[in-house]
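Chain by chain, the residues run as shown.
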Amino acid sequence: MKKIKLFVLALVVLFLILTIIVLVRTYSLSKSTVTTSDASVDFIDIDKTAASINLAKAVRFKTVTEQVRDDTDWQEFEKFQAWMRETYPAFYDAVKTETIADHALYHTWEGSDPSLDPIVFMAHQDVVPASEDPNSGWEFPPFGGDIIDGFVYGRGTIDCKGTLIGLMEAANRLAASGYQPKRKLIFSFGHDEEISGSGAKTAAELMKSRGIKPYAVIDEGGAIITGLNGIEKPIAMIGVAEKGYLTLVLTAKARGGHSSTPPTYTAIGALSKAIAIIEANPFDSGMDKVTKKMLQAMATEQDFKTRMAMANLWLFRPMVEKKMKSQDQSRAMLGTTIAPTIIDAGFKENALPREAKAYVNFRLHSRDSVASVMDRVRRLIDDPNIEIVKADGIGSEPSPVSQIGTGPYTWIEDVITTTFPGLLVSPNVVLGGTDSRYMALVTNDIYRFAPYKFDTSDMARIHGLNERMDIDVFVKGIQTYYLMLEKAGEG
Ligand SMILES: [Zn+2]
């Protein structure tokens, strides 16, 4: 009897200790991960109308890269570039401009102190196609550059001309003020981000050949998001890493012929089985360091239950991961994803095809690599009649993880917490791909972030219908870019 009492008492004490640990960790979470600042800052005056007209004009150049590269109208890019030179004369006087990979722009603004490694600002000139059919669902023509009710409408207003023109507006103003950077600033504007990124690749190779090792690279990919998971405060998502990218082409070969006497092994059957096996065997999955930091930063503004779980992952990790795996968006954060995207076989309803082909797209988590994914797929399929190759030119390793909380990260954090008081700052992993992935050739510190405030509905407009930029958001972004550039140049 005494023994049982002691045992119960021990259990109660243990439970109390655990509860105290859990609570202490829960309440200390906010202090350890959130960065906010109340410092005030002087913004430059921006002529709102002029700036928004420039964005609208930029949208009217149909710099669309087509899936079939040769269908692209490259003349439109030349016109766009001529317009940029005309519109931003102070900037073009201050920098040296090189055209690389045919249509990519590489601008160098020399710094007075050659011992400082440069900072690279990136954006891309091209946009994805948009239907100009009046019934396509666009409220205003996608290349019309209409300014309606405080918004500039059109393809590219966010992705990525919003970033490109915002940077140009700020840099032109800075150059016009007579500013001389101490640190070299490079502006690298690719021309084909949406189809391959050969412009950015060439820029990275050029830097390498010149011995340039950037202090930091800033590109699109992250922004200030409001309304995320019901969180009231805006959160600056700084993309410190991005997933890798790989498309595999599976080709199953078998005897063709009449469908009245089929063999037991058919091309379509074998291919289907192969896809099913890949899907049935998901990649290793689990929270990495960056995702953990992001969720913890968000949790500081969420309900007690979430805060408690995120502050005590030593106890609640399996529960949290299980919940994340139940949703497509969060599941993609945990591991390499598998997406069969194209299947192609057969030509006649009563004839067996000799070949069946499928494309499977993978987005690689940092724990995997192009080689390890290919290996795994080969092992799983284990069929000598199925050929497995990488789709032409498509494949990139997961990026390195940039510094968080030190180095260039704090430089970005300092600027944006003063320009957006009360802001939460969080690192994240970008699930899509950006041009900046090529910069891993010359630096580990790549940050995907543009100082624009979007809500979750804006995100759906990217590559979608009715893409638009809120003019007030745009102006604040230009003001922030101005300070970012000024601070970058200070060294
Ligand atoms: Zn983009």
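Sequence order sets the numbering: in each chain, residues are counted from 1 along the sequence as written. Note on the predicted model: pLDDT of at least 70 is required for a residue's local features to be given, and 80 or more for side-chain atom pairs to be given and counted; whole-chain, interface and lining totals, by contrast, use all residues.

K.L.:
Just to check I follow, could you spell out the overall build of the protein chain for this structure?
P.N.:
Under the scheme used here, helices are H or I runs from DSSP no shorter than 4 residues and strands are E runs no shorter than 2 residues, and both carry numbers assigned from the N terminus. Across its full length, the protein chain carries 15 helices and 19 strands. For the radius of gyration, the atoms used are the C-alpha atoms, and the globule rule reads 2.2 Å times the number of residues raised to 0.38. Computed over C-alpha atoms, the radius of gyration of the protein chain comes to 26 Å, within 12% of the 23 Å expected from 2.2 N^0.38 for 491 residues, which places it in the range of a compact globule. On the principal axes, the C-alpha backbone points of the protein chain span a range of 85 × 75 × 50 Å. Out of the 491 residues belonging to the protein chain, those deemed buried represent 41%. Each residue gets a C-beta atom placed from its backbone, and two residues are in contact if those atoms lie within 7 Å. Expressed as a percentage of contacts within the protein chain between residues at least 6 apart in sequence, the contacts between residues at least 24 apart total 81%. Any residue whose C-beta has 12 or fewer other C-beta atoms within 10 Å is treated as exposed, any with 20 or more as buried, and any in between as partly exposed, C-beta atoms being built from the backbone.

K.L.:
Honestly, the sheet that holds strand β15 (residues 386-396) in this entry has me stumped. Any pointers?
P.N.:
Backbone-to-backbone hydrogen bonds pair the strands of a sheet. The strands run either parallel or antiparallel. If DSSP finds at least two bridges between two strands, the strands pair. Taking strand neighbours across the sheet as the criterion, the four strands line up as β12-β14-β10-β15 in an open arrangement whose pairing is antiparallel. Single-partner strands in this sheet number two, and they are β12 (337-345) and β15. Strand after strand, the sheet turns through a mean of 20° between neighbouring axes, direction not considered. As paired strands, strand β10 (residues 244-253) and strand β14 (residues 355-364) are joined by ten bridges and run antiparallel to one another. Its bridge partner being in β14, L250 is matched across the sheet by A358. Axes, fitted as lines to C-alpha atoms, cover a helix only where it is in contact. Angles between the N-to-C directions of the axes lie from 0 to 180 degrees. The strands that helix α7 (residues 267-280) touches are β10, β12, β14 and β15; relative to β14, the one it contacts most, it runs at about 15°. Sheet strands in contact with helix α12 (residues 370-381) are β10, β14 and β15, and its direction is about 160° off that of β15.

K.L.:
Is there a simple way to explain the packing of helix α2 (residues 48-60) against helix α5 (residues 161-176) in this structure?
P.N.:
Geometrically, a packed helix pair is captured by the angle between its two axes and the distance between the axes. Remark: α2 packs on α5, axes separated minimally by 10 Å, with the N-to-C direction vectors making an angle of 135°. Judged by the inter-axis angle, α2 sits oblique to α5. Between α2 and α5 lies a crossing of right-handed hand. Between α2 and α5, the contacting residues are A51, N54, L55, A58 and V59 on the first element and K161, G162, I165 and E169 on the second. When residue character is reported, Ala, Val, Leu, Ile, Met, Phe, Trp, Tyr, Cys and Pro are called nonpolar, Asp, Glu, Lys and Arg charged, and the others, Gly included, polar. Among the residues making up the contact of α2 with α5, the classes are represented as five nonpolar, two polar and two charged. In these notes the angle categories are as follows: under 35 degrees is roughly parallel, over 145 is roughly antiparallel, 65 to 115 is roughly perpendicular, and the rest is oblique. It is the rotation of the near helix from the far one that decides the hand of a crossing: anticlockwise by less than a right angle makes it left-handed, clockwise makes it right-handed.

K.L.:
Please explain the environment of F91 as it appears in this structure.
P.N.:
Relative to the assigned elements, F91 resides in helix α4 (residues 89-94). The class of F91 is buried, set by 24 C-beta atoms lying within 10 Å. When the C-alpha positions of F91 and E169 are compared, they lie 9.0 Å apart, and in sequence the two are 78 residues distant. When residues no more than four places from it in sequence are discounted, the contact partners of F91 are M168, A171, N172 and A175.

K.L.:
Explain helix α13 (residues 408-419) to me, please; I cannot follow it from the model alone.
P.N.:
Helical periodicity: at 3.6 residues per turn, an α-helix aligns residues three or four positions apart in one direction. Taking 1.5 Å as the rise per residue, α13 with twelve residues should run 16 Å; its terminal C-alpha atoms sit 17 Å apart, in good agreement. Where α13 is concerned, the buried positions are P408, Y409, I412, V415, I416, T417 and T419. The inward-facing, buried residues of α13 abut β7 (216-219), β9 (235-242), β16 (424-430), β17 (446-448) and α15 (471-490). A helix is expected to span 1.5 Å multiplied by its residue count minus one.

K.L.:
Would you take a moment to explain the sheet that holds strand β19 (residues 468-470) for this structure?
P.N.:
The three strands are arranged β4-β5-β19 in an open sheet whose pairing can be described as antiparallel. Unpaired on one side and paired on the other, β4 (147-148) and β19 mark the two borders of the sheet. Pairing geometry for β4 and strand β5 (residues 151-153), over two bridges, is antiparallel. Looking across to β5, one finds that I147 is bridged to V152. Sheet strands in contact with α2 are β4, β5 and β19, and its direction is about 10° off that of β5. The sheet contacts of α15 involve β5 and β19, and relative to β19 the element is tilted by about 70°.

K.L.:
Is there a simple way to explain the environment of F140 in this structure?
P.N.:
With respect to the secondary-structure elements, F140 resides in the loop between β3 (119-124) and β4. For F140 and T406, which are 266 residues apart along the polypeptide, the C-alpha to C-alpha distance reads 44 Å. Those residues within four positions of F140 in sequence are excluded, and the remaining contacts are D146, I148 and Y153.

K.L.:
Quick question: what am I supposed to make of the pairing of β16 here?
P.N.:
Working note: regular strand, side chains alternate between the two faces of the sheet. Burial analysis of β16 places seven of its seven residues in the buried class, the great majority of the element. Relative to β16, β9 runs parallel, the two sharing seven bridges. Paired with M237 across the two strands is S426, which belongs to β16.

K.L.:
Whenever I open this one, the packing of α13 against α15 confuses me. Can you help?
P.N.:
At a minimum axis separation of 10 Å, α13 and α15 run at an interaxial angle of 145°. With respect to the hand of their crossing, α13 and α15 are arranged in right-handed fashion. Residues W411, V415, I416 and T419 of α13 lie in contact with α15, whose contacting residues are Q479, T480, L483, M484 and K487. Residue composition of the contact of α13 with α15, grouped by class: five nonpolar, three polar and one charged.

K.L.:
Help me out: how do you make sense of the domain arrangement of the protein chain in this one?
P.N.:
Frequently, the measure chosen for interface size is the accessible area that the parts lose on association. Assigned domains of the protein chain: these are domain 1 (48-241 + 399-490) and domain 2 (243-396). Residue ranges assigned to the domains are those given by an automatic or database domain assignment. Taking the mean C-alpha position of each, domain 1 and domain 2 sit 31 Å from one another. Sorting the residues of the side of domain 1 that touches domain 2 by element identifies β9 and β16 as the ones contributing at least two each. Ranked by residues supplied to the side of domain 1 that touches domain 2, first place goes to β16 with five residues. Here the residues of the side of domain 1 that touches domain 2 sort into ten nonpolar, five polar and three charged.

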